[in-house]
Number of protein chains: 2
Amino acid sequence: MDETHNGDTWFDIPPGSEFGVANLPFGVYSRTEDGPRKIGVAIGDSVLDVAAIAAAEGEDFAPLLAAEVLNPLLAAGRPTWRAVRERITTWLRDPAHRPMVLAHRLDRAGLHLHLPFEVADYVDFYASEHHARNVGSIFRPDSAALPPNWKHLPIGYHGRAGTVVASGQPVVRPCGQRKQTGEDAPSFGATRKLDIEAEVGFVVGTPSAFGEPVPIERFADHVFGVCLVNDWSARDIQAWEYVPLGPFLGKSFATSVSPWVVPLDALGHARLPSPPQDPAPPSYLMPDADWGLDIAMEVRLNGHVISRPPFGSMYWSAAQQLAHMTVNGASLRTGDFYASGTVSGPEPDERGSLLELTWDATEPLLLGDGTHRAYLNDGDVVTISASAPGPAGTRIGFGEVTGQVLPATA
Amino acid sequence: MDETHNGDTWFDIPPGSEFGVANLPFGVYSRTEDGPRKIGVAIGDSVLDVAAIAAAEGEDFAPLLAAEVLNPLLAAGRPTWRAVRERITTWLRDPAHRPMVLAHRLDRAGLHLHLPFEVADYVDFYASEHHARNVGSIFRPDSAALPPNWKHLPIGYHGRAGTVVASGQPVVRPCGQRKQTGEDAPSFGATRKLDIEAEVGFVVGTPSAFGEPVPIERFADHVFGVCLVNDWSARDIQAWEYVPLGPFLGKSFATSVSPWVVPLDALGHARLPSPPQDPAPPSYLMPDADWGLDIAMEVRLNGHVISRPPFGSMYWSAAQQLAHMTVNGASLRTGDFYASGTVSGPEPDERGSLLELTWDATEPLLLGDGTHRAYLNDGDVVTISASAPGPAGTRIGFGEVTGQVLPATA
């Protein structure tokens, strides 16, 4: 794992920046909203046009960066990801590269950021024990909070890849069939329980063969990096539809993703053991390495912090999720994307959804502006940000995923 | 709706062929397994290299056919689909085109057929009341056979698009966690209950905007055509994992698709009313036209017919499914694909899965070769074929989707 920190560069990085030379997340930007899209790497308050620099420097990998999405780079595999990261680090350390790098530097503030990769399949897990217990208690008060399978396997389901959208994309309040407690029949209309789920997402680069499981120890060979996810949820639609085949329209209207994909290689200082697992998982889920990640998340509603979910508390790791997702021989494609499920810690102010934070609207939140929220109002803006430990006391920033609620159109 | 039949052509079509001039399904073929892929149209025992013919004839739409998948054609929308279909019909009716067409004719038997389109999102519904009642009775014997929401909305869930495979692709018996009735804890291993589901699939061409529902009357503007689906299922894995978020590994290892996409425009004579719906569906699901389809399906196991599911008995139509899938504003992409769910008729020999045909292995099937089957054995070959009424007493063939079970690798 590299031991660089923000000081190991000639590049002008503001003090305390979470985008130091040990981070180097990849994204896709344009100078105007509809202008040509380019791959960029965030550093300090800047973005580097890495395709232009790589081409000018004659790097072998330059064609992989001359794309409008990260997918060609993702498909190239870990040895290439490492080589690209090393070269970019060298550009930023060795002053000989300074003129070339500065010639292709842009202010981050002025850029439009896009969905950084083309999503193949999207899977959403359910890996926080605190979240699963809370949801079970709310949705199924007459049953055990955790389903019988919960501690045996990381429960997950496929979501809609086509509605994974970039941070900043407004989200229209969805309509659908809802049935309130006590109502005899469902009614149609705009959701009355629009919610968020604060999650962490994992971007698959290296594909795998049809019919061949990916062993847990190959996690880092296949997963390129990590970003933040807001899995928007319509709780009343979901509650009515989800038995027996799972969530569908309650989730499929939108899933927002942060614009910067932080490479797994930037998270060496964030790795930690997952919580103890009892019963012991079957061998295909037995960890060979620590893939818990000490990511500190923060959820803001109209600027007011409403939660600080700790990703390190997740019961199932992303490595276990990848092994589970493929143990039946399901193949991976470049651009596959899977999210952790809502991140909720043990404390009430560490819950990653309004469902839990307000206990299904029975305990509304008081925001810093004096207003209350049970679920989201039209016009509300939700922003999830996060950072993780980097080298030498620095932080590795994930940036943020944000989105505003627009009124229903029906 | 066009009124052509097999006689309206100079082309040599064998008597009784289900690939007459009123069908004209689209697929993707190559002359050798790894050779270049081309778009073809099936006619009689032949395939037309329609890209070559269109180019030679100087057709405007020729570039749409010069692709390795149907997606560019699918994206072009219904007016173009109609124009292309009319021109191909003209080629086959007007003898002036005979030399050009015959110069680009291939024997179907010698060709390799591929997945005809790149799948965007894959959704699987649950639209047969007979199937839902059977499954409910088997899986949830202590509850009502139909969940409370079943008659209010077409239940569906997202499946894995990346493991939708072409007919002929062998399927490795998947491994996973299974818990048998009476066992205290799950065990890991190859599924003991490998099953099939005979379904009909719908291929979306025209995309829709994020946040905007697609009204039911726009069904035919968005859906290009129809093919056959085998939704392979591991019942023991599914039973253990599916509460509360739905099927995942029990389905995601493979979904097989027939190679020929029959245009919706070829199915005018197959349209019929769906069964009466009680309660009346909400207005967004209220049919404006008959989109039941009188498709006669046949399921063979190692060549022996085991079921003849009638698609006309489905409770929810494909038009209702499309309206439901998008009512929350979820956008459609070109290549989106959705399957009907298992097609089971009211009679025992009309059931579309072994789960139902053998009542979860309690009533094994006697095959024509004297062997019995509860679920699938390694080496078994399952083939689903179908046809629908065409003009003047002819049939519109869907061809078949087939696949062989290979032993588990773990």
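In case you missed it, the structure is sitting above this.
A quick note: this is a predicted structure, and the numbers were derived from the prediction, not measured.

Participant: Any details on the sheet that holds strand β9 (residues 171-172) of chain B? Residues and values, ideally.
Facilitator: All names here are of chain B. Here we have five strands laid out as an open sheet, ordered β9-β26-β25-β20-β21, and mixed in their pairing. Each having just a single partner strand, β9 and β21 (304-307) make up the two edges of the open sheet. Judged from the eight bridges that link them, strand β25 (residues 381-389) and strand β26 (residues 395-406) form a sheet pairing that is antiparallel. What sits directly across from I384, in β26, is V401.

Participant: Mind laying out the interface of chain B and chain A, listing which residues take part and the relevant values?
Facilitator: With 57 residues of chain B in contact, the opposing surface of chain A contributes 57 residues. When chain B packs against chain A, the two sides together hide about 5100 Å² of surface, and 63% of this comes from carbon and sulfur. The tally of links from chain B across to chain A stands at two salt bridges. Inspection of the chain B/chain A interface yields 24 residue pairs in polar contact (both at pLDDT 80 or more). Secondary-structure elements contributing two or more residues to the side of chain B that touches chain A are β6 (122-125), β7 (156-159), β10 (175-178), α8 (235-241) and α9 (318-326) of chain B. Tallying contributions element by element places β7(B) first for the side of chain B that touches chain A, with four residues. Class assignment of the residues belonging to the side of chain B that touches chain A gives a composition of 35 nonpolar, 16 polar and six charged.

Participant: Provide a residue-level description of the environment of A:I216, including the pertinent values.
Facilitator: Residue and element names in this part refer to chain A. Along the chain, I216 turns up in the loop between β13 (198-204) and α7 (219-222). Residues I216 and A319, 103 residues apart in the sequence, show an inter-C-alpha distance of 5.8 Å. Setting aside residues no more than four positions away along its own chain, I216 makes contact with Y284, L285, M286, P287, D288, A319, Q320 and A323.

Participant: Report on the packing of helix α1 (residues 50-57) of chain A against helix α4 (residues 78-93) of chain A, specifying residues and quantitative values.
Facilitator: All names here are of chain A. Contact geometry for α1 and α4: axes closest at 12 Å, N-to-C directions at 85 degrees. The angle between α1 and α4 falls in the class roughly perpendicular. Along the contact surface, α1 presents V50, I53, A54 and E57, while α4 presents R87, I88 and W91. Considering only residue class, the contact of α1 with α4 consists of five nonpolar, no polar and two charged.

Participant: Describe the packing of aromatic side chains, listing the residues and the values that go with them.
Facilitator: Each aromatic ring pair is summarised here by two numbers: the centre-to-centre distance and the angle between the ring planes. The full count for this structure, using the stated rule, is 28 aromatic pairs over all chains. Pairing A:Y284 with B:F188 gives two aromatic rings, centres 4.9 Å apart and planes at 35 degrees, and the pair type is tilted. With A:Y284 in the loop between β18 (271-272) and β19 (292-293) and B:F188 in strand β11 (residues 187-190), the pair connects residues from two separate chains. Owing to a relative accessible area of 13%, A:Y284 belongs among the buried residues under this scheme. Judged by relative accessible area, B:F188 falls into the partly exposed class, the value being 36%. Look at A:Y315 and A:W316: their rings are 5.3 Å apart centre to centre, the planes differ by 75 degrees, and that puts the pair in the edge-to-face class. Of the two residues examined, A:Y315 and A:W316, each falls in the buried class. In this structure an aromatic cluster arises from ring pairing among A:F125, A:F202, A:F311, A:Y338 and B:F248. In this arrangement the basic side chain of A:R108 is found over the ring face of A:F19, its NZ or CZ atom lying 4.2 Å from the centre. Note that A:R271 overlies the ring of A:W291, its terminal NZ or CZ placed 3.6 Å from the centroid.

Analysis parameters
Residues numbered from 1 in each chain as written. Chains lettered and ligands numbered in written order. Predicted model: local features only at pLDDT ≥ 70, side-chain atom pairs only at ≥ 80, totals over all residues. Heavy atoms only, no water. Pairing = 2+ DSSP bridges. Helix = DSSP H or I, 4+ residues; strand = E, 2+ residues; numbered from the N terminus. Contact = heavy atoms within 4.5 Å. Buried area = accessible area lost by both parts, 1.4 Å probe. Salt bridge = Lys/Arg side-chain N within 4 Å of Asp/Glu carboxyl O. Polar contact = N/O pair within 3.5 Å; in protein donor to acceptor, adjacent residues only side chain to side chain. Nonpolar A, V, L, I, M, F, W, Y, C, P; charged D, E, K, R; others polar. Axes fitted to C-alpha atoms, helices over the stretch in contact; angles between N-to-C directions. Parallel < 35°, antiparallel > 145°, perpendicular 65-115°, else oblique. Phe/Tyr/Trp six-rings, centres within 6.5 Å; stacked < 30°, edge-to-face > 60°. Buried < 20%, exposed > 50% of the residue type's maximum accessible area, 1.4 Å probe, protein only. Lys NZ or Arg CZ within 6 Å of the ring centre and 35° of its normal.

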